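Summary of the model geometry
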Amino acid sequence: TPTGRAASTRCFSTGWTRPASNGYAGPSMRPEALVAALLFAAAPALAQPIRILVQSSPLAGFQYYGGKILWDEMKEGDRLTLVREPDNRHDAGAVRVEWRGEKLGYLPRADNAALAAHMDRGVHVEGRIGRMAKNPNPWKRLRVDVFVVP
């Protein structure tokens, strides 16, 4: 150390002191200050809304709606709007998928029953583009990740 004294570390709860293993004794901090500093540093992470991934599905109908035209503008992670269509004549559990107000397709009929029931009960859900792939099979081009937001 610059002063020639042996470096040490101090235990906050007991007050005992011991030599530092790295030869450097950094500035000490009271436990309350340490907790406050950690909370302040974590504040941006705590401010983010909690989202729980409940479903990851291919997009049905990609080839029939705006997906091909909008492909170059979309990117993974983009927000998708999920809209219930209880009066859909082909599927009473239909959940339409939109990107910036443009219809991209639907969640597959085989995957939408539980989600449709939750949406009908008012559960807040949101969608994101989970994956994009230039694949000749339209069922493999875009994956929709569905989250519940408590």
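Structure first, text after, so check above.
For clarity, every value in this text was computed on a predicted model and none was experimentally measured. (Residues numbered from 1 in each chain as written. Predicted model: local features only at pLDDT ≥ 70, side-chain atom pairs only at ≥ 80, totals over all residues. Heavy atoms only, no water.)

1. What to know about the pattern of salt bridges
Two side chains that carry opposite charge are able to pair once their charged atoms sit near each other. This structure, assessed with the given rule, holds eight salt bridges. In this structure, Asp120 engages Arg84 in a salt bridge whose closest nitrogen and oxygen atoms are separated by 2.8 Å. In this pair, Asp120 is assigned in helix 3 (residues 113-120) and Arg84 in strand 4 (residues 79-85), connecting sequence segments 36 residues apart. Salt bridges here are not isolated pairs; linked through shared partners, they connect Arg51, Arg79, Glu126 and Arg128. (Salt bridge = Lys/Arg side-chain N within 4 Å of Asp/Glu carboxyl O. Helix = DSSP H or I, 4+ residues; strand = E, 2+ residues; numbered from the N terminus.)

2. Some points on the sheet that holds strand 5 (residues 94-99)
What the six strands build is an open sheet, ordered 3-8-7-4-5-6; its pairing is antiparallel. Of all the strands in the sheet, the pair left with one neighbour each is strand 3 (52-58) and strand 6 (102-106). For this sheet, the mean angle separating the axes of adjacent strands, direction not counted, is 35°. In the sheet, strand 4 pairs with strand 5 via five bridges, with the strands oriented antiparallel. If you follow Val83 over to strand 5, its bridge partner there is Arg96. In the packing of helix 3 onto the sheet, contacts are made with strand 3, strand 4, strand 5, strand 7 (125-132) and strand 8 (142-148), and the angle to strand 4 comes to roughly 85°. (Pairing = 2+ DSSP bridges. Axes fitted to C-alpha atoms, helices over the stretch in contact; angles between N-to-C directions. Contact = heavy atoms within 4.5 Å.)

3. Quick notes on the environment of Ile50
Examined against the element boundaries, Ile50 turns out to sit in the loop between helix 1 (31-47) and strand 3. Each C-alpha atom, one on Ile50 and one on Phe147, is 9.4 Å from the other, the two residues being 97 residues apart in sequence.

4. What about the layout of surface pockets?
For the largest pocket, the calculated volume is near 240 Å³. Lining the largest pocket are Ala60, Gly61, Tyr64, Tyr65, Asn88, His90, Asp91, Ala94, Tyr106, Leu107, Pro108 and Arg109. When grouped by side-chain class, the residues that make up the lining of the largest pocket number seven nonpolar, three polar and two charged. (1 Å grid on protein atoms, 1.4 Å probe; cavity = no way out; pocket = protein on both sides within 12 Å on 5 of 7 lines; lining within 4 Å. Points joined across faces, edges and corners; volume = space filled by probe spheres on them. Nonpolar A, V, L, I, M, F, W, Y, C, P; charged D, E, K, R; others polar.)

5. A word on the pairing of strand 6
Bridging between strand 5 and strand 6 involves four bridges; their strand directions are antiparallel. Following the sheet pairing, Arg96 is matched in strand 6 by Tyr106. The hairpin turn running from strand 5 into strand 6, its antiparallel successor, is two residues long, and Arg100 in that turn takes a positive phi close to 50°.

6. Topic: helix 3
Looking at helix 3, one finds that the buried residues are Leu115, Ala116 and Met119. For helix 3, the buried positions fall inside an angular range of 100° around the axis, keeping them on one side. Of the exposed residues in helix 3, the ones pointing more than 90 degrees away from its buried face are Ala113 and Ala114. The secondary structure elements touched by the buried residues of helix 3 are strand 3, strand 4, strand 5, strand 7 and strand 8. Gly122 sits one or two residues past helix 3 and shows a positive phi near 95°. (Buried < 20%, exposed > 50% of the residue type's maximum accessible area, 1.4 Å probe, protein only. Arc of directions from axis to C-beta.)

7. With respect to the side chain of Arg84
Owing to a relative accessible area of 16%, Arg84 belongs among the buried residues under this scheme. There is a polar contact of 3.2 Å between the side chain of Arg84 and the backbone oxygen of Ala92. A polar atom in the side chain of Arg84 sits 2.8 Å from the side chain of Asp120. The contact partners of Arg84, leaving out residues within four places of it in the chain, are Ala92, Gly93, Ala94, Val95, Ala116, Met119 and Asp120. (Polar contact = N/O pair within 3.5 Å; in protein donor to acceptor, adjacent residues only side chain to side chain.)

8. Details of the packing of aromatic side chains
Tallying each qualifying case throughout the model produces two aromatic pairs. Seen from their ring centres, Phe62 and Trp71 are 5.9 Å apart, and the 90° between their planes marks the pair as edge-to-face. Exposure class is identical for Phe62 and Trp71. Each is buried. Residues Tyr65 and Tyr106 carry aromatic rings whose centres are separated by 6.1 Å and whose planes lie at 70° to one another, so their mutual orientation is edge-to-face. Within this pair, whereas Tyr65 is found in the loop between strand 3 and helix 2 (67-70), its partner Tyr106 is found in strand 6, the two being separated by 41 residues in sequence. A relative accessible area of 32% means that Tyr65 is categorised as partly exposed. Here Tyr106 falls in the buried class, since its relative accessible area comes to 14%. The ring of Phe147 has Arg51 sitting right over it, with the charged end atom 4.4 Å from the ring centre. (Phe/Tyr/Trp six-rings, centres within 6.5 Å; stacked < 30°, edge-to-face > 60°. Lys NZ or Arg CZ within 6 Å of the ring centre and 35° of its normal.)

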